[in-house]
Amino acid sequence: MHFGFSDEQDDFRASVAAFAQAKLTPHYASDDRNAAFRQELLTDLTSQGIVGLRIPEQYGGQGADAVTTGIASEEVSRADINAAYVLLIASLVGEIIHTAGNEQQRREWLPAIADGNSLPCFCLTEPDHGSDAANLSVRAVPDGSGWRITGEKTSISLGMDATTALVMARTGDTGARGVSAFYFRLDETHLHRSAFSDLGGRSIGRASLAFDNHPVPAEALVGNTGEGFIRTMQGFDYSRALIGLMVLGTAQAAIDDAIAYAKERVAFGQPISRQQGVAFPLVEAATQVHGARLLCYEALWRKDMGLPHGLQGNMAKWWAPKLAVEACHQALLTFGHAGYSDEVPQGQRMRDAIGLEIGDGTAQIAKLVTARHLFGREFAP
Ligand SMILES: Cc1cc2nc3c(=O)[nH]c(=O)nc-3n(C[C@H](O)[C@H](O)[C@H](O)COP(=O)(O)OP(=O)(O)OC[C@H]3O[C@@H](n4cnc5c(N)ncnc54)[C@H](O)[C@@H]3O)c2cc1C
């Protein structure tokens, strides 16, 4: 067993960390206050090759493996977890286009995602169908050689700013096999966007997108009709491990700050780090972050090896966000009253991490999928 990253991956981690420290950290709090997506962020991420990391080189990306993409997610998130949504969504959408799309679609769409000319969003959730996504009701009906899409998608990350969307819409009967995937440029004349006012993740413009007879060309269909939902679920096995590393990156930053503060802050004549009551909760948080991190990287490594990784990806999805929120909370408390203010980023990290306890599937849904792996579908809840 080889337990570690390659030299190339270590160098890559160091370069992403330096970039994130210089370009992302200074904006983390102000982007939250402004509650708007900053276009310069997209330029910075694309110029660093981060958005197209997972897109193959022949389609304008970096052709990185899944583990390397995980490293970028983790390091970007240490500085700004919200910036990592751009990589997450580009990776998920890019992956589905690459595996389910045809050669012309790959050549046309993937370079634009990698170079930032398209900012994609991923549209699955609807007002009446979140966890129960297979029963979604947004409909695509044939229109001439193409399609028209009508209905509302909600809770869409980057929804206020995306220029393109991968939309899951019903083209057939009820259930998962009646859902198809369409990728197209958003046309404001057939679209109404409305933003959420969120607890955290305030710079990613989570929004509802109401499609009003939105025209979609025939070439927008990704894969065959009826394949959209199944392709999405396959992509989730991977994106759930990336999300794990996002929240763990921000939790690790919170723990690091708390340890540094505990060594400086003096109470009762000595640094508070000398109190077990201060040190041990941070030890526990650091241990759990470490364990969950290994699980996420195992999922990504298995993907790179062509091995099934749904079990590890779903274990990571229920576990990592929960423990990351708890770790951020503990790290906040270490700062005493200052932790409760905007003077330090601990509170924002916690608010931001909570979003990913829900986004991409809640803990209950990830446990449901995990149970199917462990018990078999017939015996699972
Ligand atoms: C920050 C953030 C970003 C998001 N980004 C996107 C995005 O980009 N694209 C997108 O399509 N969606 C996105 N979502 C939506 C997200 O995927 C859904 O919110 C999620 O799947 C849950 O759906 P729901 O909110 O409708 O909750 P519901 O499905 O109504 O669930 C409500 C509660 O009931 C529980 N529950 C439901 N069914 C079961 C069950 N069978 N067993 C046990 N418990 C159950 C849930 O776990 C939850 O606690 C995002 C959400 C957030 C918060």
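Residues numbered from 1 in each chain as written. Predicted model: local features only at pLDDT ≥ 70, side-chain atom pairs only at ≥ 80, totals over all residues. Heavy atoms only, no water.

**Description of the site of the ligand**
Working step 1: With respect to spatial proximity, 19 residues lie near the ligand, and among them Phe-122, Thr-125, Ser-131, Ser-157 and Thr-362 are the closest.
Working step 2: At 2.9 Å, a backbone N or O of Leu-124 approaches an oxygen atom of the ligand.
Working step 3: Thr-125 is positioned with one of its side-chain polar atoms (N or O) 2.7 Å from a nitrogen atom of the ligand.
Working step 4: When the ligand is considered free in solution it has 970 Å² of accessible area, and contact with the protein chains removes 63% of it.
Working step 5: The cavity that encloses the ligand is the largest pocket.
Working step 6: The residue makeup of the shell around the ligand, split by class, is seven nonpolar, 10 polar and two charged.
Working step 7: Summarising the domain contributions, the shell around the ligand has at least three residues from each of domain 2 (120–225) and domain 3 (229–375). (Near = heavy atom within 4 Å. Polar contact = N/O pair within 3.5 Å; in protein donor to acceptor, adjacent residues only side chain to side chain. Areas by Shrake-Rupley, 256 points an atom, 1.4 Å probe, with all protein chains shown as cover. 1 Å grid on protein atoms, 1.4 Å probe; cavity = no way out; pocket = protein on both sides within 12 Å on 5 of 7 lines; lining within 4 Å. Sits in = over half its atoms within 2 Å of the grid points. Nonpolar A, V, L, I, M, F, W, Y, C, P; charged D, E, K, R; others polar. Domains from an automatic or database assignment.)

**Regarding the packing of aromatic side chains**
Centre-to-centre distance and the angle between the planes together describe a pair of aromatic rings.
Working step 1: Scanning the model with the defined rule gives six aromatic pairs in all.
Working step 2: The interplanar angle of 65 degrees and the centroid separation of 5.9 Å between the aromatic rings of Phe-122 and Phe-236 together place this pair among those described as edge-to-face. Taken together, the positions of Phe-122 in strand S1 (residues 120–123) and Phe-236 in helix H7 (residues 228–264) put the pair 114 residues apart, joining distant regions of the chain. Each member of the pair, Phe-122 as well as Phe-236, carries the same accessibility label: buried.
Working step 3: Ring geometry for Phe-184 versus Phe-211: centroids 6.1 Å apart, planes at 70 degrees, classification edge-to-face. Residue Phe-184 is located in strand S5 (residues 179–185), and its partner Phe-211 is located in strand S7 (residues 207–216); the two are separated by 27 residues in the primary sequence. Note on accessibility: Phe-184 and Phe-211 belong to one class, buried.
Working step 4: Its end group placed over the ring of Phe-196, Arg-206 keeps NZ or CZ at 4.0 Å from the ring centre. (Phe/Tyr/Trp six-rings, centres within 6.5 Å; stacked < 30°, edge-to-face > 60°. Helix = DSSP H or I, 4+ residues; strand = E, 2+ residues; numbered from the N terminus. Buried < 20%, exposed > 50% of the residue type's maximum accessible area, 1.4 Å probe, protein only. Lys NZ or Arg CZ within 6 Å of the ring centre and 35° of its normal.)

**Side note on the nonpolar core**
Grouped burial of nonpolar side chains is what soluble globular proteins tend to show.
Working step 1: Ranked by internal contacts, the top residues of the largest apolar core, which has 91 residues, are Phe-122, Leu-166 and Leu-300.
Working step 2: With 16 residues, the single largest contributor to this core is H7.
Working step 3: Not counting residues within four places of it along the chain, the set of residues in contact with Leu-300 comprises Ala-66, Val-67, Gly-70, Tyr-238, Ala-241, Leu-242 and Leu-245.
Working step 4: Within the second largest apolar cluster, 21 residues are counted, among which are Cys-121, Leu-209, Val-216 and Leu-221. (Core = buried A, V, L, I, M, F, W, Y, C linked by side-chain atoms within 4.5 Å. Contact = heavy atoms within 4.5 Å.)

**Things to note about the pairing of S5**
Consecutive side chains of a regular strand alternate in pointing toward one face of the sheet and then the other.
Working step 1: Of all seven residues in S5, six are buried, a share of seventy percent or more.
Working step 2: Strand direction decides the pairing type here: strand S4 (residues 164–170) and S5, joined by seven bridges, are antiparallel. Opposite Met-168, over in S5, you have Ala-181 as the bridge partner. (Pairing = 2+ DSSP bridges.)

**Considerations on the UniProt feature "domain: Acyl-CoA dehydrogenase/oxidase N-terminal" (unreviewed entry) in the chain**
Working step 1: Summarizing the sequence annotation, UniProt attributes the feature "domain: Acyl-CoA dehydrogenase/oxidase N-terminal" (unreviewed entry) to residues 6–116 in the numbering used throughout.
Working step 2: Span residues 6–116 is 70% helix and 0% strand, its end C-alpha atoms 28 Å apart. (UniProt positions renumbered as here; feature names shortened; annotations may be inferred.)

**Notes on helix H11 (residues 363–375)**
Working step 1: For H11, with 13 residues, the first-to-last C-alpha span of 18 Å sits near the 18 Å given by 1.5 Å per residue.
Working step 2: Considered for burial, the residues of H11 that qualify are Ala-366, Thr-370 and Ala-371. Seen from one end, H11 has its buried residues packed into an arc of 145 degrees, which puts them on one side. Pointing more than 90 degrees away from the buried face of H11 are the exposed residues Gln-364 and Phe-375.
Working step 3: Each element contacted by the buried residues of H11 is listed here: helix H9 (310–334).
Working step 4: Looking one or two residues past H11, Gly-376 carries a phi angle of roughly 90 degrees, positive in sign. (Expected span 1.5 Å × (residues − 1). Arc of directions from axis to C-beta.)

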